[in-house]
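Architecture and fold: a report
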Amino acid sequence: MKTKFLIISFYFFIAFVTEGQDLLHSQFEVADNLFNNHQYFDAITEYKRLLFFDSTKTYQYEANYKIGECYKAGAKFDEAIKHFFIAEQSAKNDSLVFDSKVQIIRSNILRRTTDRAFQLLDELEKDEKFKDRIDEINYWRGWTFMFADDWKVAARAFAKINYNSELRILADQTEKAKVSVTFAKVISYILPGAGSIYTGKILSGLMSIAWNLAAGYWTVNAFTESRVFDGFVIGELVWLRFYRGSIKNAEQFAIEKNIDVANKSLRFLQNEYKGIKP
Amino acid sequence: MAILNNIISTFSQKHLALLLIILCLLISSAEYGQQTTDKINYLSPHNRLIFGNYLYADKDYLRAADEFKEYLKVESSDTVQFRFANSFFKIGRYTDAIDNFKNLFFSSSISNESRLMYYESNFFLKDYKTFRDLAERDDYLPIKFQKEIERLKFITYFFDDAFLPDQNLFLRSFPDSMQQQISKFYQLKKYPKHRSVTTAVILSTLIPGAGKIYTGEIGDGITALISTALCGYLAVTNFKADHQFRGWLFTGLAAFFYTGNIYGSAASAQIYNARVRFNFVNEVKIFFDQRNYLLPQIDF
């Protein structure tokens, strides 16, 4: 008699509990469907609804993680990081903690707050729990360096995973395609216009040489004709202007070229690279 | 009765007790189901409302508006309608806010507050002329907040080029503690410290750079004077030394600096005036933003 009573009571209790759980799960599936269809705004609403009604906090990790992903997809990185952090706090095991942290790092990379990304990567690397995931840490470190425009170190980070990896080769090529800003300036001090030619701006470099030659001639000519004041004025106003201009130009052209080279590589990563991206 | 007694007697007392317990559990579970259907249907109007309120408190106004919208399809509530409209107001969708505050104008206990918010939304649309026209209309004005609307109307004069009303009339709407500041704004609006473009051009024609100095660009003015004078001097000395090419080159440069400086002075005066206007509007905006345009904070 007593056993029968207990069995029946237990049945009803389980029925109540599982019904609630099923509903939460259905809500999670609804949100997931929206997420999979890239309807991120609606997906966030449904995940938030799930979190609001999930009094047992069963979906605290999953829902917050997905909300973070939705916000990241919409380039709302501050909001994304906030939710990945909540996910990290409610993660049930180390692997999930690692995933959340990596998402925070990826959001920081995209937000261009690369210093914070480095700080988090250092923390992960020092953590004994994540020793077996060092390749992933190096992978995101490489990406962080690429976004911090340090392609040489990025190549080194990718080389630690696989020397022949596509990203290592790309980072190396980018580094080699860049020009030295200092070298461009130094050769412009020696021969005005040479820096511009070095950065590929040949016409501008030749014009610079011509202006400097003409202005130099007029200055020297004024001095040789004892028109000392003229010589100083032309030298200061014309010659020095072109001389300084050629140095500044060389510096500017070198910076612009480096930005172009980096942007070209980043465009490749965005549009053609098939691996995991931030 | 005899039949019932017969049936009861066929069951032992233990069986009867078990049957009763099962019956009780079934009834209670059915009732529980009834009660919880609403609780566990996340999309029921009640749940939409509480979820919407949560989003609203979390400042996620766009999503809150969606929830309130669904709720209002099946239920009617002035406060929810107000929150719905206010959600749009909070995210700067003033046209939507206006449309929805309008729904509370008549036969609503919060009609005055809604009308005030309707005017606020119109004010923030930045079509100040339309706002002033609207403020003149008596049929929409909230009786409780007439002073506030009039103040808003006067504030609009600071932001566009409309002719300013009489100063006494203007100042009367503002509290005593602000009279001095508002009076200062009024004077600055009426007599802006502008620089004349014509004067700048004439000055630069007479003395290169003088127009720029007049508009506050002292460094540029002095540079323009020196450049023009030096190029002129170099042109003369080169002609004297029989260097025709260099003579003409520096003559061209001097003429370029001279005309460029006149044009630059005119542009500089215009930029100066635009800066004065921008700074004035900015100062007024910060002043009133910090004081919420002297409006009460309304929410339900």
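Residues numbered from 1 in each chain as written. Chains lettered and ligands numbered in written order. Predicted model: local features only at pLDDT ≥ 70, side-chain atom pairs only at ≥ 80, totals over all residues. Heavy atoms only, no water.

1. Remarks on the domain arrangement of chain A
As assigned here, chain A comprises domain 1 (16–111) and domain 2 (181–269). For domain 1 of chain A and domain 2 of chain A, the distance between their C-alpha centres works out to 56 Å. (Domains from an automatic or database assignment.)

2. Brief notes about the pattern of salt bridges
Applying the stated rule across the entire model yields 31 salt bridges over all chains. For Lys-248 of chain A, the salt bridge is made with Glu-251 of chain A, and the minimal N-O distance between the two is 3.7 Å. Taken together, the residues span about one helical turn, with Lys-248 of chain A and Glu-251 of chain A both in helix 13 (residues 228–271) at a distance of 3 residues. Residue class for Lys-248 of chain A comes out exposed when judged on its relative accessible area of 57%. Among the salt bridges present, the one from Glu-67 of chain B reaches Arg-48 of chain B, with a minimum N-O distance of 3.1 Å. Of this pair, Glu-67 of chain B sits in helix 4 (residues 61–74) while Arg-48 of chain B sits in helix 3 (residues 45–57); the two residues are 19 residues apart in sequence, bridging distant segments of the chain. The same class applies to Glu-67 of chain B and to Arg-48 of chain B, which are both buried. Among the charged side chains, a salt-bridge network with shared partners connects Glu-46 and Arg-49 of chain A together with Arg-48 and Glu-67 of chain B. (Salt bridge = Lys/Arg side-chain N within 4 Å of Asp/Glu carboxyl O. Helix = DSSP H or I, 4+ residues; strand = E, 2+ residues; numbered from the N terminus. Buried < 20%, exposed > 50% of the residue type's maximum accessible area, 1.4 Å probe, protein only.)

3. Details of the packing of aromatic side chains
Per the counting criterion, the structure on display carries 60 aromatic pairs over all chains. Geometrically, the ring pair formed by Tyr-139 of chain A and Trp-140 of chain A is edge-to-face, given 4.9 Å between the ring centres and 85° between the ring planes. Residue class for Tyr-139 of chain A comes out buried when judged on its relative accessible area of 16%. Judged by relative accessible area, which is 4%, Trp-140 of chain A ranks as buried. Sitting over the face of the ring of Phe-106 of chain B, Arg-115 of chain B holds its NZ or CZ atom 5.3 Å from the ring centroid. Arg-132 of chain B extends its terminal NZ or CZ atom over the ring of Tyr-157 of chain B, reaching a point 4.6 Å from the ring centre. (Phe/Tyr/Trp six-rings, centres within 6.5 Å; stacked < 30°, edge-to-face > 60°. Lys NZ or Arg CZ within 6 Å of the ring centre and 35° of its normal.)

4. What to know about helix 6 (residues 94–102) of chain B
Along helix 6 of chain B, the positions that sit buried rather than exposed are Tyr-94, Ala-97, Ile-98, Asn-100 and Phe-101 of chain B. Buried residues along helix 6 of chain B sit against helix 5 (78–90) and helix 7 (111–124) of chain B. (Contact = heavy atoms within 4.5 Å.)

5. Thoughts on a nonpolar patch on the surface
A cluster of nonpolar side chains, Val-186, Tyr-189, Ile-190 and Leu-191 of chain A, forms an exposed patch at the surface whose accessible area comes to about 410 Å². A relative accessible area of 44% places Leu-191 of chain A in the partly exposed class. (Patch = residues over 30% accessible without salt bridge, like charges linked within 9 Å, V, L, I, M, F, W, Y side chains within 5 Å. Areas by Shrake-Rupley, 256 points an atom, 1.4 Å probe, with all protein chains shown as cover.)

6. A word on the side chain of Arg-132 of chain B
You can see Arg-132 of chain B is positioned in helix 8 (residues 128–136). When near neighbours in sequence (up to four residues on either side) are disregarded, Arg-132 of chain B contacts Lys-153, Thr-156, Tyr-157, Asp-160 and Ala-162 of chain B.

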